[in-house]
Amino acid sequence: MEKGTLVEFRVQGDRRLGVVDRPDGKTRWFVVDERGQSHSLAPRQITYIVNGEGYKPTQIGKFLDQVAPYLDPSSLEVAWELLVAEGASVTPSQMANLLFSESSPYQCYAAHCLLSDDKLFFKQKGEVYEPRSASQVAERKHQIEVETQKAQGQQEFLLRVERALEGDTVEWQKSDRQRLDALEKYATLVADIIRMGVNSESLVRNYPPPGPVLETMNMLGRSATPPAALQLLIDLGWWSPHENLFLRRSSIPVQFPNKILEVAQEILDSPPADLDVNRLDLKHLKVYTIDDESTTEIDDGLSCEVLEDGRQRVWIHIADPTRWLIPEDELDLEARRRGSTVYLPTGMIPMFPEVLATGPMSLVQGRLCCSLSFSVILDDSGGVAEYSIHPCLIKPTYRLTYEDVDEMLDLAVQAEPEIQAIAGLAQKRKIWRNNQGAISITMPEAMIKVKNDEISIDILDESPSRQLVAEMMILAGEVAARYAQSHNIPLPFRGQPQPELPPEDELLQLPPGFVRFCALRRCMPKSEMSTTPLRHAGLGLDTYTQATSPIRRYSDLLTHFQLKAHLRGEEPPFSAEQIREVMMTVSNTTQELTMVERQTNRYYALEYLRRHLEQVWEVIVLMWLREDSNLALILLEDLGLQLPMVFKRSVKLGERVLVKVALADPQKDIIQFQEIVYQDVVN
């Protein structure tokens, strides 16, 4: 190339013209562009040489002005139609003659620009351009149209996002759903950050953001991390600030399929025939149901009658949902898939459709109800002397709360002697179980409720009414297991291995009460499930199963299916092997439910504390988590919450300390306390 030759080259993808000035070594050239900047170029970097010589850098602008009128991309389609039939290739010079009937430097360069920029009609092969086939052009036109629509949709979505971020009400389109779904799924990884204790950067390395998330976050200038995706959804008003990520991250179904709801309605409209045609009529008995005021699935009731010989018979009536379904029908399989009713501070997710669970399946006051009732007579020590199990008809008389029963017991209400009698039997049972080796651990438990963004925390303590109900439910579980054991009926029996407790002198060195109970709790092994009877060491029972919550716990429903079939003289519907298979699946599901319940409760506990930063709490030091770093588990006795705290001084187990919340971040699962000394409180 001679000095003064006009050439095209590219800088970071941009087309640029320059004039050859002088060689740079043996193979390179210095080229000066219209801005006067010099570039050292290898031959492969030069993409086009303009015909003619003697150009100056100052003439580049005028040259481009001469080229501009010929840069009409639509003219290429006409040329393509002429060339595709012949399959002829063209050079930029030949294309200039075809398009403009001339091949001046301006027109040749214009043809080069059109051809090199074209992605539709021609493809470059060396120094010539071949026309694409008609089918290739049609396919590429379709691709371009799709990409154009995508770009337009992306721009419209971005405009809606910007409006939403400004606080405007936005009507999201169906086309937005894919992007928002992707953001939702990615944001739920925050739950993993909390659960596994990892940081968002390491999570991003393991779970890189999908394309729609990366694109959306980049468009908005936000980092493509799970916490940033979560914050965006909150900022858009798509999610609430307290969205339950643990629930969203889980496989727990929140809504029932339409088919299941239709089946439930059909049962209400046309109840199936009752297979238990010989139900025992107990409508004459006074039946008490005792629950929290908010409970809507009422699955147990109690009665007590005095026999002619003066002995007392207690009846434990359990709701009979199997009256409305048969094994492995649609409702049963849906309940099995769910495993259990989920209880969250914000509300419950029932195991059965609510119209059934709170309607005909529940023991509703004043209504005729089907039940599976356990009749028990205790001996003088509190052991079971006689028992029987019957499908029954009952009519619940009173719907009582725990507070109602506590008050009745405290006042010894004479009009309801049955309550006093049941309480006496429950106390006798508790003493009997303790004599059998039962291990009683009494720790306050927080019941957290959220309504209209207000968080309340009440303590579930061991009140006489709760002890009464608990003992009667344990009694029913023992009777159900004993019946199954004596008749060789496979059930999901529950057991607990004997714990290895600390020596008594070691326990006595610990402060009595919660600290000692906490030490015992650490020694308790996990419960076990078997299709044959097991000893339950914690309850002090040689055999036990859960049978008292069939509306809200699938294992109890299985027990009912098995027992009721035998009571009718039929073969139990599930073999031991089938029960093992079903319970393996159900156990995995209920473990996940328990984890979600625990994580959600902890989230709202931290949120409650975040809203009460100025509150001074008295806490008890329960146990060491890491004594070498002064990390202890503390109990906020007023709230029933057990949380970690790092102390800056030596403290003793059982010591009572005043603290305030220094930092609470429920989204990051962070809680920090600071000790308040007496002088601080006075000041």
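Remember, predicted model here, so these are calculated numbers, not experimental data.

A. Examining the overall build of the chain more closely. Of regular secondary structure, the chain possesses 22 helices and 25 strands. Compactness check: the chain gives a C-alpha radius of gyration of 39 Å against a globular reference of 26 Å for 683 residues, more than 25% above the reference. On the principal axes, the C-alpha backbone points of the chain span a range of 130 × 70 × 45 Å. Considering the chain as a whole, with its 683 residues, one finds that 47% of them fall into the buried category. In the chain, the share of contacts with a sequence separation of at least 24, taken over all contacts with a separation of at least 6, comes to 65%.

B. Spatial organisation of the environment of Ser 175. If you trace the backbone, Ser 175 turns up in the loop between helix H5 (134–165) and helix H6 (177–187). The sequence separation of Ser 175 and Val 314 amounts to 139 residues, and the corresponding C-alpha distance is 62 Å.

C. Summary view of the UniProt feature "domain: RNB" (unreviewed entry) in the chain. Per the UniProt record, the feature "domain: RNB" (unreviewed entry) sits at residues 279–569. As a span, residues 279–569 carries 32% helix and 25% strand, and end to end its C-alpha atoms are 14 Å apart.

D. Molecular detail of the nonpolar core. Counting 63 residues, the largest nonpolar core has Leu 609, Trp 617, Leu 636, Leu 641 and Phe 673 as the members making the most contacts within it. Top contributing element to this core by residue count: helix H21 (residues 576–610), with 8 residues. With near-sequence residues (within four places) excluded, Leu 636 lies in contact with Leu 609, Trp 617, Glu 618, Val 619, Leu 641, Leu 643 and Phe 673. Listed in part, the 40 residues of the second largest apolar core include Val 376, Val 384, Ala 476 and Ala 547.

E. Up close: unusual backbone geometry. At Ser 101, a position not held by glycine, the phi torsion is positive, near 65°. Assignment of secondary structure puts Ser 101 in the loop between helix H3 (92–100) and helix H4 (105–117). With a phi angle near 65°, Glu 328 is a residue other than glycine that sits in the positive phi range. Within the element layout of this structure, Glu 328 appears in the loop between strand E11 (312–319) and helix H13 (330–338).

F. How the structure looks around the pattern of salt bridges. Applying the stated criterion to the full structure yields 49 salt bridges. Between Arg 16 and Asp 33 there is a salt bridge whose closest N-O contact spans 3.0 Å. Remark: Asp 33 occurs in strand E3 (residues 28–33) and Arg 16 occurs in strand E2 (residues 14–24); sequence separation between them is 17 residues. Exposure class is identical for Arg 16 and Asp 33. Each is buried. The residue Asp 276 makes a salt bridge to Arg 568 at a minimum N-O spacing of 3.1 Å. Linking Asp 276 in the loop between helix H12 (258–269) and strand E8 (280–281) with Arg 568 in the loop between helix H20 (554–567) and H21, this pair joins segments that are 292 residues apart in sequence. The buried category is assigned to Asp 276, whose relative accessible area is 6%. On the basis of relative accessibility, which here comes to 29%, the residue Arg 568 falls in the partly exposed class. Because the salt bridges share partners, they merge into one network encompassing Asp 274, Asp 276, Arg 279, Asp 320, Arg 323, Lys 564, Arg 568 and Glu 570.

G. Structural context of the side chain of Asp 292. Relative to the helices and strands, Asp 292 is located in the loop between strand E9 (288–291) and strand E10 (300–306). At 2.7 Å, the side chain of Asp 292 forms a polar contact with the side chain of Arg 466.

H. Quick look at the sheet that holds strand E25 (residues 670–675). The antiparallel open sheet is built from 5 strands, whose spatial order is E23-E22-E21-E24-E25. A single partner strand is all that each edge strand has here, and the edge strands are strand E23 (641–646) and E25. Along the sheet, successive strands turn relative to each other by an average axial angle of 45°, direction set aside. Here helix H19 (residues 514–523) sits on the sheet and contacts strand E21 (617–626), strand E22 (631–636) and E23; the angle it forms with E21, its principal contact strand, is near 35°. The sheet contacts of H21 involve E21, E22, E23, strand E24 (656–665) and E25, and relative to E23 the element is tilted by about 65°.

I. Focus on the packing of aromatic side chains. As enumerated under the stated definition, the model contains 11 aromatic pairs in all. Pairing Tyr 48 with Tyr 109 gives two aromatic rings, centres 5.6 Å apart and planes at 45°, and the pair type is tilted. Of this pair, Tyr 48 sits in strand E5 (residues 46–49) while Tyr 109 sits in helix H4; the two residues are 61 residues apart in sequence, bridging distant segments of the chain. Here Tyr 48 and Tyr 109 have matching classes, each one buried. Aromatic ring contacts, followed pair by pair, group Tyr 48, Tyr 55, Phe 63, Tyr 106 and Tyr 109 into a single cluster.

J. Expanded view of the sheet that holds E3. Spatially, E4-E3-E2-E1-E5 is the arrangement adopted by the 5 strands of the open sheet, whose pairing is antiparallel. If you trace the sheet from one side to the other, it starts and ends with strand E4 (38–41) and E5, each paired once. Pairwise comparison of adjacent strand axes, ignoring direction, gives a mean angle of 40° for this sheet. Contacting strand E1 (6–11), E2 and E3, helix H1 (residues 60–67) runs over the sheet at an angle of about 140° to E2. Here H4 sits on the sheet and contacts E1, E2 and E5; the angle it forms with E2, its principal contact strand, is near 125°.

K. The domain arrangement of the chain, seen in detail. Here the domain parsing of the chain yields domain 1 (5–136), domain 2 (137–239), domain 3 (258–592) and domain 4 (612–675). A C-alpha centroid distance of 46 Å is found between domain 2 and domain 3.

L. Region of interest: the pairing of E11. Buried residues dominate E11, accounting for 6 of its 8 residues. Hairpin connection of E10 to E11: 5 residues between the antiparallel strands, including Gly 310 at a positive phi of 95°. Relative to strand E14 (residues 369–378), E11 runs antiparallel, the two being bridged by 6 bridges. Paired with Ile 318 across the two strands is Leu 372, which belongs to E14.

So, how was this worked out
- Residues numbered from 1 in each chain as written.
- Predicted model: local features only at pLDDT ≥ 70, side-chain atom pairs only at ≥ 80, totals over all residues.
- Heavy atoms only, no water.
- Helix = DSSP H or I, 4+ residues; strand = E, 2+ residues; numbered from the N terminus.
- Rg over C-alpha atoms; globule rule 2.2 N^0.38 Å.
- Buried < 20%, exposed > 50% of the residue type's maximum accessible area, 1.4 Å probe, protein only.
- Contact = heavy atoms within 4.5 Å.
- UniProt positions renumbered as here; feature names shortened; annotations may be inferred.
- Core = buried A, V, L, I, M, F, W, Y, C linked by side-chain atoms within 4.5 Å.
- Salt bridge = Lys/Arg side-chain N within 4 Å of Asp/Glu carboxyl O.
- Polar contact = N/O pair within 3.5 Å; in protein donor to acceptor, adjacent residues only side chain to side chain.
- Pairing = 2+ DSSP bridges.
- Axes fitted to C-alpha atoms, helices over the stretch in contact; angles between N-to-C directions.
- Phe/Tyr/Trp six-rings, centres within 6.5 Å; stacked < 30°, edge-to-face > 60°.
- Domains from an automatic or database assignment.

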